[in-house]
Each structure stands twice: as C-alpha cells, then as structure tokens.
Amino acid sequence: FGPTLTALDLGNNVIGDAGCCAALGRSLAWMTVLQSLSLADTRMHDDGARLVATSLGHLTGLRRLDLSDNWIGDEGASALAGSVSGLSEL
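Parameters at a glance
Residues numbered from 1 in each chain as written. Predicted model: local features only at pLDDT ≥ 70, side-chain atom pairs only at ≥ 80, totals over all residues. Heavy atoms only, no water. Helix = DSSP H or I, 4+ residues; strand = E, 2+ residues; numbered from the N terminus. Salt bridge = Lys/Arg side-chain N within 4 Å of Asp/Glu carboxyl O. Buried < 20%, exposed > 50% of the residue type's maximum accessible area, 1.4 Å probe, protein only.

Enquirer: Looking at this structure, I do not really get unusual backbone geometry. What am I missing?
Expert: The phi angle of most residues is negative, glycine excepted, and most peptide bonds adopt the trans form. If you check the backbone angles, Asn12 has positive phi at about 65° while not being a glycine. Residue position: Asn12 is located in the loop between strand S1 (7-9) and helix H1 (16-24). A positive phi angle, close to 55°, is found at Asp41, a residue other than glycine. Looking at the secondary structure, you find Asp41 in the loop between strand S2 (36-38) and helix H2 (46-56).

So, in structure tokens, the structure goes:
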C-alpha cells in the first residue's frame, strides 16, 4: 500500500477481523489520499470494525466507505460512527 493509493477494494474476501487487523491496522494511517474503501462482505465483526475506526481519522479525503454484509454489532457500529463524524467528504 502506498501514500498515493486512492481506492482500495478488499470486498468479498474472507479476511475477517484478523485480516482487517493484519492488513489494514497499520496501513490505513499511511493512505492519506484514499477516497474509496470497500471492506464489504469480509466477515468483519466488532473487533475489526473498531480497528478500522481507529484509522479512519487519517483518511480525511475519504468519500466512500462500504462495510456492508459484515457482522458488525452495536460496539463496532458505535466506534465507526464516532470516527466518521469528522469526515466531511464521506
């Protein structure tokens, strides 16, 4: 992943929380120009959603976020809601 990446689609991959943590946990913070992120149908739960939520604040240009068809509960949704509230382009 590089700092010039504008779109990332990992949808429809069975990466789960472990994949979200391993692949994205450290990388999302460097993707400052990312405009579109799809993690749809990756079997993400609350743990993965919380991890993604901690990185979303760095993605100030994010315009599209797709987390559909995952297993995110109230805790994960709450973490995500708090992190996207400052993203005016989303």
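Enquirer: What's the story with the pattern of salt bridges in this structure? I'm lost.
Expert: Side chains that differ in charge, positive against negative, can pair when their charged atoms come close. Evaluation of the coordinates by the stated rule reveals four salt bridges. The partner of Asp47 in a salt bridge is Arg50, and the shortest N-O contact between them spans 2.3 Å. Placement of both Asp47 and Arg50 in helix H2 is noted, with a separation of three residues, approximately one turn of the helix. A relative accessible area of 46% places Asp47 in the partly exposed class. Across the salt bridge formed by Arg50 and Glu75, the nearest N and O atoms sit 3.0 Å from each other. With Arg50 in helix H2 and Glu75 in helix H3 (residues 74-84), the pair connects residues that are 25 residues apart, well separated along the chain. For Glu75, a relative accessible area of 54% puts it in the exposed group. Linked through salt bridges whose partners overlap, the residues forming this network are Asp47, Arg50 and Glu75.

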